[in-house]
Structures are given as C-alpha cells and as structure tokens.
Amino acid sequence: KILVGASGGPDSVSLLHGLRTCFRDRLNLVAVHIHHGLRGKEADSDASWVREFCESLGIECVTRNIETDGWSAPPQESVQMRARKLRYGIFETLVRERAADRLALGHTADDQAETVLLNLIRGTGRPGLAGIPPVRPIAREGEATVIRPLIETSRELILRHLRDEKISYREDSSNQSDRYLRNRIRRHLIPELAAYNPGIRDGLGRTAEILRAEESWMESEETRALSSITLPPDEDGFSVSIPQLLRLPLALQRRVTIRILRGAALTAVGFDHVETLLAHVRNSARGGPGGERRICLPGGVVAILERETIRFLPEDVTEP
C-alpha cells in the first residue's frame, strides 16, 4: 500500500499518473491531498480538482485540512517551514492509520538542486548539502518509508511528458511569489548560475548524492566514536570522558557533541552551541584559569565540567 502526496501540481500529478499507469493493479494507491488553508478559494479549487483527477484514475483520495487557528510560524521558521512540519505530521498519522508501506512524494531533481542551495545559503554542514534523501524512514517507529521516485527527473522532462500525454495539472500561484527564499532561488538564482554552468542542476544533484554516501559512512564512525567516549549513565544523567573526546579528530568531536546535545533534549543544536561547549572543554583540559564549570544550554540541559568528565544533567536536578 502506497500513500501518494497529491498537491495537484505537475510533479505530484506525474507521480500519481505514472504509478497508476506503470503498475496498474499491482499497487494499492491512496492519494493524500493536504489543504493548508493559506490560499483561500484557489486552494479549495485545487482540492476539488485533485479529487476529480483521482476519481478519473480510480484511486481513493483522502483530504486533510491543516487547522489554521492561531496559524503563525515561530520566529526562527518561515510559514513554509511550519507548513512542512504540519504536513509531514499528517502524513505520518495517515501512514499509521492506513498501515501503509510507503509514502511517495513528487520531489524532482530541480527540488534537489534548490534544497542544496537553500541549505548552503542558510549555513549548513554535510547533512544539509546531502539534500533530499531518495528514501528515508517516515518516522522513528515502524518500517514505512518515504520514497521519491522522481528525485533524479528534471521538472522540464515532467512538464514535457504531461504536455505530450495531454494531462492537465494545477499551478500554485504562491510559487511565483518572490516572498519565499526557495522561490527566489528557483526563479532567479539558479537561472543566473546556469549562465556559468548550464548543468548546474545536475551538478548539485551529483554533489548531494556523493555527500549522502559520505554522510552514511560518517554516521557509522560517529556511532563508534560515541560509544568509546560515553561513560556508564548515572541516575540523573550521563557523562563523557574529556580525554577520549579530545583524542578524536575535530570533525568527530563536533559530530559526537551534536549527537550528545540532541540526545540530552537539546534539539535546536547550532554550530555556536557546539563550538562554545568544545572551547570550554579544551580550556578545562588545559587547566586554564576562569574555565566555565557549569554551562547552561537551551532546552533545560546543564553541562558540568569535572576534572576528566562532562556530565549532562537536566537543569532541575543540578545545584543552583
């Protein structure tokens, strides 16, 4: 059973039509259309169009509305980022409810190129430059996965196919707005870069593919390193050996520190958090004067630097 994200745009229409055409009755397809409540009557019309398109293919269509009461993105998020989180939450719920094996999404090679550039502009490490994974778990629990069958297919080829097959689709007017950074990258930056390298989209896609493979290897090294520096947990928290941590290459020091902080409930880990903590650790190892011994981190976590260990504790169990 495969749930298919169906916005009504050319990518999702091509994906849905292609899965039905190529596999006929070998797949149990269920289209999922999510109404974000942001474009008024245009979005209402999209939802109706998707239902009719699915009916013409003989595919069940499930529509879900995102509640817009109090709709606003946190200061650090754009409206699009907030909508994406809510959208994936609905997808995960439906995957569980429908006992689906896969969630198919219509991301293309163009989306991949845009994502790599978007992450680079915002500032990122290897995971961000690895772009959109073709396959990934839908959630931490369960065996269902997200698949992106069109991730190596250009939008130009998809549009040409839809024209040749006389298949209609919907255009989201918000995609033409320069209000959103991704749109500006797609509409202006990539065409400008194409003047220097006509194959810029393919090049960015290859870069992401190379870095995904390297990232997978780095994750295995990170797991091995983390097990070598982590001490047995105590009742309130856990500790890390400072000498063992500092023996690691700098790249691994940073990666295991990120993993530790995320595991300690500090989910919004930034480069500055990691570098600040490592600087205190190095200063403490050198016996430097004025080294911070109690470091308060966002998310209610405290790092306590002892002689040869760092203890990570919830703030409410540490001494004032």
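Presented here is a report on the structure given in the accompanying data block. Bear in mind the structure is a predicted one, so any value in this text is a computation, not a measurement.

**Things to note about the packing of helix H1 (residues 10-23) against helix H6 (residues 155-164)**
Working step 1: For the pair H1 and H6, interaxial distance at closest approach is 10 Å and the crossing angle is 65°. The way H1 lies across H6 gives a crossing that is left-handed. Residues Pro 10, Asp 11, Val 13 and Ser 14 of H1 lie in contact with H6, whose contacting residues are Arg 155, Ile 158, Leu 159, His 161 and Leu 162.
Working step 2: Its residues assigned to classes, the contact of H1 with H6 comprises five nonpolar, two polar and two charged.

**A few points about the side chain of His 35**
Working step 1: You can see His 35 is positioned in strand E2 (residues 29-35).
Working step 2: Once residues within four sequence positions are removed from consideration, His 35 is found in contact with Gly 40, Ala 43, Asp 44, Ala 47, Arg 64, Asn 65 and Ile 66.

**Some details on the nonpolar core**
The tendency in soluble globular proteins is for nonpolar side chains to be buried as a group.
Working step 1: In this structure, Ile 229, Leu 245, Leu 248, Val 256, Ala 303, Ile 310 and Phe 312 are the most contacted members of the largest nonpolar core, which totals 22 residues.
Working step 2: Looking at this core, the elements that each hand over two or more residues are helix H8 (200-229), helix H9 (242-247), helix H10 (250-263), helix H11 (271-285), strand E8 (294-297), strand E9 (301-305) and strand E10 (309-314).
Working step 3: Beyond its immediate chain neighbours, meaning those up to four positions away, Leu 245 contacts Ile 229, Val 240, Gln 253, Val 256, Thr 257, Leu 278, Val 281 and Ile 310.
Working step 4: Judged by nonpolar contacts, the second largest core, of 21 residues, contains Ala 31, Ala 104, Leu 150 and Ile 167.

Parameters and conventions
- Residues numbered from 1 in each chain as written.
- Predicted model: local features only at pLDDT ≥ 70, side-chain atom pairs only at ≥ 80, totals over all residues.
- Heavy atoms only, no water.
- Axes fitted to C-alpha atoms, helices over the stretch in contact; angles between N-to-C directions.
- Helix = DSSP H or I, 4+ residues; strand = E, 2+ residues; numbered from the N terminus.
- Left-handed = near helix turned anticlockwise from the far one by under 90°.
- Contact = heavy atoms within 4.5 Å.
- Nonpolar A, V, L, I, M, F, W, Y, C, P; charged D, E, K, R; others polar.
- Core = buried A, V, L, I, M, F, W, Y, C linked by side-chain atoms within 4.5 Å.
- Buried < 20%, exposed > 50% of the residue type's maximum accessible area, 1.4 Å probe, protein only.

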